[in-house]
Amino acid sequence: MPHLRFQVAALSALLLTLPFVHAADDAGKGTGNEQPGKVKTAIAKTMGRIRLDGDMLAVLKAHENLRPKAIEKIDVPAARANPTVADAVNALLRQNGRSTDPAQLVPGVTSIDGTVQGGAGMIPARFYTPAGPGPFPVVVYFHGGGWVITDKQVYDASARGIAKQAQAVVVSVDYRQAPENKFPAAWDDALAAYKWTIANAASFKGDVSRVALAGESAGGNLALATAIAARDANLQKPAHVLAIYPVTQSSLNTESYLENAAAQPLNRAMVEWFIDKLLVDKAQLKDWRLNLVDAKLAGLPSVTLISARVDPLRSDSAKMEEALKKADVLVERRDYEGVTHEFFGMAAVVEKARNAQAFAGERLRKAFGE
């Protein structure tokens, strides 16, 4: 099986360098045919059948049935309206006669919407609170979406799961997004939200002495970058950083980018699209906030990294683990076989997601001293 996996990954990387693949898959741009290219779709399906767990594959099939458009072929409003993997999870739950009510899927956690301070004014946030009198530890959480799409609602299951497993209040932040707010607006919002949380934790059953950072994908990058920025600004040190398949460097030629160039639900072409929308100038790719592996990391709190095997960003987590160890930062990384990018929030239907959420909760509780 490992040999067969290598062959499929090599085929994916090779085919995507050939002119006829790009011609076939780019043909839909601007024509009203923005469905994913047939060649790349075929590669992704072949890879999925070989490399993915059955429950993960079921989510991807449900997502495909919702007919999402290829993000790299559409504009930002259309990308934001695209069906998400969270929609696919709900579709699968309904198909199996199960409730999609978050309160039933994750009992013992309540949520309420509010606002927190951002870098240029108040921004939306959602507060998830476990049952009980508190005070609870606090986790400031940043959702994924390439700094361009999605919001706290799309990542509700992730934040809710962390609140349940860590027995902590989770503050899920809707930071400003590109292209309306280019780099580094999201990073400014993330740091401001962390400062606000420290100042206001007591008002929502939070224990100000135990505040951690967490994030997923682009949000994982924000969580790590905020820990660095907090250190440099002499702010309260986060109790821990949980980074789930974070962006930690700007090269698109890592082992996992080549291996998973045609993967779903995230692939190399999508990341290129996100970067194009995020930056004012490509020179910004050299900024430490996008190249965390080269940032000064000494003095950071303990870090947990979660990665997925079938994910272009898997190497980002591996490189970050290595860089943190070199800086003498306590770090533990867990790589999950048989799942893809975005799997963490699929605990309602994917076993590895339940395992990953339990692991994340265990790591946070340990950092909180519980």
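Residues numbered from 1 in each chain as written. Predicted model: local features only at pLDDT ≥ 70, side-chain atom pairs only at ≥ 80, totals over all residues. Heavy atoms only, no water.

(A) Examining the overall build of the chain more closely. From N to C terminus, the chain includes 14 helices and eight strands. Taking all contacts inside the chain whose residues are at least 6 apart in sequence as the whole, residues at least 24 apart take part in 76%. Within the structure as shown, the chain displays about 15,000 Å² of accessible surface, and the carbon and sulfur contribution to it stands at 53%. (Helix = DSSP H or I, 4+ residues; strand = E, 2+ residues; numbered from the N terminus. Contact = heavy atoms within 4.5 Å. Areas by Shrake-Rupley, 256 points an atom, 1.4 Å probe, with all protein chains shown as cover.)

(B) A look at helix 4 (residues 54–65). End to end, helix 4 covers 16 Å across twelve residues, agreeing with the expected 16 Å (1.5 Å per residue, within 8%). Turning to helix 4, its buried residues number three or more, namely Met56, Leu57, Val59, Leu60, Ala62 and His63. Just downstream of helix 4 lies Arg67, where phi reads positive at about 55 degrees. (Expected span 1.5 Å × (residues − 1). Buried < 20%, exposed > 50% of the residue type's maximum accessible area, 1.4 Å probe, protein only.)

(C) Region of the structure containing the packing of helix 8 (residues 156–166) against helix 14 (residues 351–367). Here helix 8 crosses helix 14 at 50 degrees, and the two axes come no closer than 8 Å. Between helix 8 and helix 14, the interaxial angle falls into the category oblique. For the pair helix 8 and helix 14, the sense of crossing is right-handed. Each of Ala157, Ser158, Gly161, Ile162, Gln165 and Ala166 in helix 8 lies in contact with helix 14, whose residues at this interface are Gln357, Ala358, Gly361, Leu364 and Arg365. (Axes fitted to C-alpha atoms, helices over the stretch in contact; angles between N-to-C directions. Parallel < 35°, antiparallel > 145°, perpendicular 65-115°, else oblique. Left-handed = near helix turned anticlockwise from the far one by under 90°.)

(D) Fine view of the sheet that holds strand 3 (residues 136–142). Judged by pairing direction, the sheet is mixed, and its eight strands sit side by side in the order 1-2-4-3-5-6-7-8 without closing on themselves. Since the sheet does not close on itself, it has two edges, and those belong to strand 1 (109–118) and strand 8 (331–340), each with one partner. Across this sheet, the average inter-strand angle for adjacent strands is 20 degrees, counted without regard to direction. The pairing of strand 6 (residues 241–244) with strand 7 (residues 303–310) spans four bridges and is classified as parallel. Paired with Val241 across the two strands is Val303, which belongs to strand 7. Sitting on the sheet, helix 13 (residues 314–326) is in contact with strand 7 and strand 8, with an inclination near 150 degrees to strand 7. (Pairing = 2+ DSSP bridges.)

(E) Local environment of the nonpolar core. Of all hydrophobic cores here, the largest spans 68 residues; its most connected members are Val116, Phe142, Trp147, Val171, Trp187, Leu297 and Leu324. Here this core takes eight residues from helix 10 (residues 218–232), the largest share from any one element. With near-sequence residues (within four places) excluded, Leu297 lies in contact with Ile228, Arg231, Leu292, Met320, Ala323, Leu324, Ala327 and Val329. Judged by nonpolar contacts, the second largest core, of 47 residues, contains Leu92, Tyr245, Val339 and Met346. (Core = buried A, V, L, I, M, F, W, Y, C linked by side-chain atoms within 4.5 Å.)

(F) Region of interest: the packing of aromatic side chains. In total, this model carries eight aromatic pairs according to the counting rule given. Where Trp196 meets Phe204, the ring centres are 6.0 Å apart and the plane angle is 5 degrees; that geometry is what we call stacked. Counting every residue linked through ring pairs, the aromatic cluster contains Phe127, Trp196 and Phe204. Sitting above the plane of the Phe359 ring, Arg334 keeps its charged end 3.8 Å from the centroid. (Phe/Tyr/Trp six-rings, centres within 6.5 Å; stacked < 30°, edge-to-face > 60°. Lys NZ or Arg CZ within 6 Å of the ring centre and 35° of its normal.)

(G) Just the pattern of salt bridges, in detail. Applying the stated criterion across every chain, the model contains 20 salt bridges. Residue Asp207 pairs with Arg210 through a salt bridge whose shortest N-O separation is 2.8 Å. Summarising the burial analysis for this pair, Asp207 and Arg210 share the class buried. The shortest N-O distance in the salt bridge between Asp232 and Arg231 comes to 2.9 Å. It is possible to trace a salt-bridge network through shared partners that takes in Arg51, Glu255, Glu259 and Arg314. (Salt bridge = Lys/Arg side-chain N within 4 Å of Asp/Glu carboxyl O.)

(H) Broad picture of the packing of helix 4 against helix 6 (residues 85–95). Contact geometry of helix 4 with helix 6 gives a least axis separation of 8 Å together with a crossing angle of 105 degrees. On the basis of the axis angle, helix 4 is roughly perpendicular to helix 6. Contacts between helix 4 and helix 6 involve Ala58, Val59, Ala62 and His63 from the first element and Val85, Ala88, Val89 and Leu92 from the second.

(I) Highlighting unusual backbone geometry. The omega angle of the peptide bond from Gly134 to Pro135 is 0 degrees, so this bond is cis rather than trans. By secondary structure assignment, the location of Pro135 is in the loop between strand 2 (121–130) and strand 3. Residue Pro265 is bonded to the preceding Gln264 through a cis peptide linkage, with omega at 5 degrees. Counting through the fold element by element, Pro265 comes out in the loop between helix 11 (255–259) and helix 12 (268–278). Even without being glycine, Lys205 reaches a positive phi, approximately 65 degrees. Relative to the helices and strands, Lys205 resides in the loop between helix 9 (185–200) and strand 5 (206–216).

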